[in-house]
Amino acid sequence: MRRARIIAVLLSLSVLLLAAAPPALANNGGEGWYGETSDVVITNAMFVVIIFFPTIIIILSLIQWRLEKRKHARMDAKKRAAGNADARGGW
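Residues numbered from 1 in each chain as written. Predicted model: local features only at pLDDT ≥ 70, side-chain atom pairs only at ≥ 80, totals over all residues. Heavy atoms only, no water.

With respect to the overall build of the chain
Within the chain, the secondary structure is distributed over 3 helices and 0 strands. Its helices and strands taken in sequence order, the chain reads α-α-α from the N to the C terminus. Buried positions account for 1% of the 91 residues belonging to the chain. Surface accessibility of the chain: about 8900 Å² in total, with carbon and sulfur atoms responsible for 68%. (Helix = DSSP H or I, 4+ residues; strand = E, 2+ residues; numbered from the N terminus. Buried < 20%, exposed > 50% of the residue type's maximum accessible area, 1.4 Å probe, protein only. Areas by Shrake-Rupley, 256 points an atom, 1.4 Å probe, with all protein chains shown as cover.)

Some details on a positive patch on the surface
A cluster of basic side chains, namely R66, K69, R70, R74 and K78, defines a positive patch on the protein surface. Structurally, K78 is set in helix α2 (residues 39-83). (Patch = residues over 30% accessible without salt bridge, like charges linked within 9 Å, V, L, I, M, F, W, Y side chains within 5 Å. Salt bridge = Lys/Arg side-chain N within 4 Å of Asp/Glu carboxyl O. Lys, Arg positive; Asp, Glu negative; His and termini not counted. Charge placed at Lys NZ, Arg CZ, Asp CG, Glu CD.)

Thoughts on the pattern of salt bridges
If the charged atoms of two oppositely charged side chains come close together, the side chains can form a pair. Under the counting rule described, the total for this entry stands at 1 salt bridge. A salt bridge links E68 to K71; the shortest N-O distance between them is 3.5 Å. Of this pair, E68 and K71 both sit in helix α2, 3 residues apart, which is roughly one turn of the helix.

Quick notes on the packing of aromatic side chains
Taken as a whole, this structure holds 1 aromatic pair when the rule is applied. Ring plane angle 75 degrees and centroid distance 5.1 Å describe the contact between F52 and F53, whose orientation is recorded as edge-to-face. Look at F52 and you get partly exposed, because its relative accessible area is 44%. (Phe/Tyr/Trp six-rings, centres within 6.5 Å; stacked < 30°, edge-to-face > 60°.)

Observations regarding the confidence of the model for the chain
This prediction gives the chain a mean pLDDT of 85; 81% of its residues lie at or above 70. Mean pLDDT across the secondary structure elements of the chain bottoms out at helix α3 (residues 85-88), with 60, and peaks at α2, with 93. (pLDDT = per-residue confidence, 0-100.)

Quick word on a nonpolar patch on the surface
A surface patch of nonpolar side chains, amounting to about 910 Å² of accessible area, comprises I42, M46, V49, F52, F53, I56, I59, L60, I63 and L67. If you trace the backbone, V49 turns up in helix α2. Judged by its relative accessible area of 35%, V49 is partly exposed.

This is the structure in structure tokens:
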């Protein structure tokens, strides 16, 4: 029951803050923090978005490739060590 009250209070507070946000941010006649938005500004912003996502995908793929390469090198080293009688010890 206490959990439901906390969720209800947080939900009410969130709705209140979201309802109050547009008038608070609407200074300068509704102009945003960047300034006047034209077609050129929107086009350039979308070009940045188009460049951003493939770049992030390539960077994260390269990081994953390096980590996989290290993992496979460790697994191969472990296999070689297990196959070597001197490393295992015994007869």
